[in-house]
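What follows is the residue order along each chain.
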Amino acid sequence: MKLPVFPVEGGCQCRAARYQVTAPPLTVYACWCRDCQRASGTTHTMSMFVRREDVALVAGTLTAYEKAADSGRTVRMMACASCGTRLWNEPLSSPEILVIKPGTLDEMGWAKPVGNIWTDSAPAFAQIDPALVNFPGQPASRQPLFDAWQRAVAAG
Ligand SMILES: [Zn+2]
Ligand SMILES: [Zn+2]
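Keep in mind that what you see is a predicted model, and the values were worked out from it rather than measured.

(A) Main features of the coordination of the zinc ion (ligand 2). Within the protein, Cys31 (SG), Cys33 (SG) and Cys36 (SG) serve as the donor atoms for the zinc ion (ligand 2), at 2.1 to 2.3 Å. Site description for the zinc ion (ligand 2): donor spacing in sequence, C-x1-C-x2-C.

Here it is as structure tokens:
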């Protein structure tokens, strides 16, 4: 995994909302839970954990939608007020963290997931790499996903 030069930028589909990430993320993984499937209209979403202090909204307005996650925690989902593209989630249980949807980055080629969660609700046709750090449901701790990201970055 070769990290880009920070800051990197991203934004929504209509280009009204733009954000900047000033430092490398803590991990990137894929989530196959039913809520991610419904929210995205596809098989899974990707989650990129970043420190809140490392993210700035530089243009546009966001709207919030709060939901109870499959984990039982409350998650605030932040989307562009104009087009509805979801840019990131704010886990209310971890206020120091934002979970960016890396498909909204201008360039996401480097943001390869190191693991998968909620693989039990992946559709039968999904192809999940067994060599990654995988969990059938919600992991008790995300530390293995943070550790796997550090190993991937160290390996270059
Ligand atoms: Zn937009
Ligand atoms: Zn999910």
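(B) Region of interest: the sheet that holds strand S6 (residues 62-68). In spatial order, the strands read S6-S7-S8-S9-S4-S3-S10-S11; together these eight strands make up an open sheet with mixed pairing. Across the chains shown, the open sheet's two edge strands, defined by having one partner strand only, are S6 and strand S11 (133-134). Pairing between S6 and strand S7 (residues 74-80): seven bridges, direction antiparallel. Along S7, the bridge assignment pairs tyrosine 65 with methionine 77.

(C) Quick peek at the side chain of lysine 67. Mapped onto the elements, lysine 67 comes out in strand S6. Here aspartate 35 takes part through its side chain, which lies 3.2 Å from a polar atom of the side chain of lysine 67. Among all residues touching lysine 67, those that are not within four sequence positions of it are Asp35, Arg73, Thr74, Val75 and Met77.

(D) Seen up close, the layout of surface pockets. Within this model, the largest pocket holds a volume of roughly 520 Å³. In terms of lining residues, the largest pocket is bounded by 35 residues, among which Tyr29, Phe49, Val75, Gln138 and Arg142 are the most central. At the level of elements, strand S3 (27-31), helix H1 (34-40), strand S4 (45-51), S7, strand S8 (86-91), strand S9 (97-100) and helix H2 (143-154) are the ones that each hand at least two residues to the lining of the largest pocket. The biggest single contributor to the lining of the largest pocket is S8, with four residues. Split into classes, the residues belonging to the lining of the largest pocket amount to 17 nonpolar, nine polar and nine charged.

(E) Structural detail: the coordination of the zinc ion (ligand 1). Within the first shell, the zinc ion (ligand 1) binds the protein through Cys12 (SG), Cys14 (SG), Cys80 (SG) and Cys83 (SG), at distances of 2.3 to 2.4 Å. Here the zinc ion (ligand 1) binds four donor atoms, and the angle range of 106 to 114 degrees at the metal identifies the geometry as tetrahedral. In the primary sequence, the donor residues of the zinc ion (ligand 1) line up as C-x1-C-x65-C-x2-C.

(F) Representation of the sheet that holds strand S1 (residues 8-11). Pairing is antiparallel across the open sheet formed by three strands, whose spatial order is S1-S2-S5. One side of each edge strand has no neighbouring strand; the edge strands of this open sheet are S1 and strand S5 (55-59). Strand-to-strand twist in this sheet, taken as the mean axis angle between neighbours without regard to direction, amounts to 30 degrees.

Rules used in this analysis
Residues numbered from 1 in each chain as written. Chains lettered and ligands numbered in written order. Predicted model: local features only at pLDDT ≥ 70, side-chain atom pairs only at ≥ 80, totals over all residues. Heavy atoms only, no water. Donors = N, O, S within 2.8 Å, 3.2 Å for Na, K, Ca; no water. Pairing = 2+ DSSP bridges. Helix = DSSP H or I, 4+ residues; strand = E, 2+ residues; numbered from the N terminus. Polar contact = N/O pair within 3.5 Å; in protein donor to acceptor, adjacent residues only side chain to side chain. Contact = heavy atoms within 4.5 Å. 1 Å grid on protein atoms, 1.4 Å probe; cavity = no way out; pocket = protein on both sides within 12 Å on 5 of 7 lines; lining within 4 Å. Points joined across faces, edges and corners; volume = space filled by probe spheres on them. Nonpolar A, V, L, I, M, F, W, Y, C, P; charged D, E, K, R; others polar. Tetrahedral: all angles 85-135°; square planar, octahedral: opposite > 155°, others 65-115°. Axes fitted to C-alpha atoms, helices over the stretch in contact; angles between N-to-C directions.

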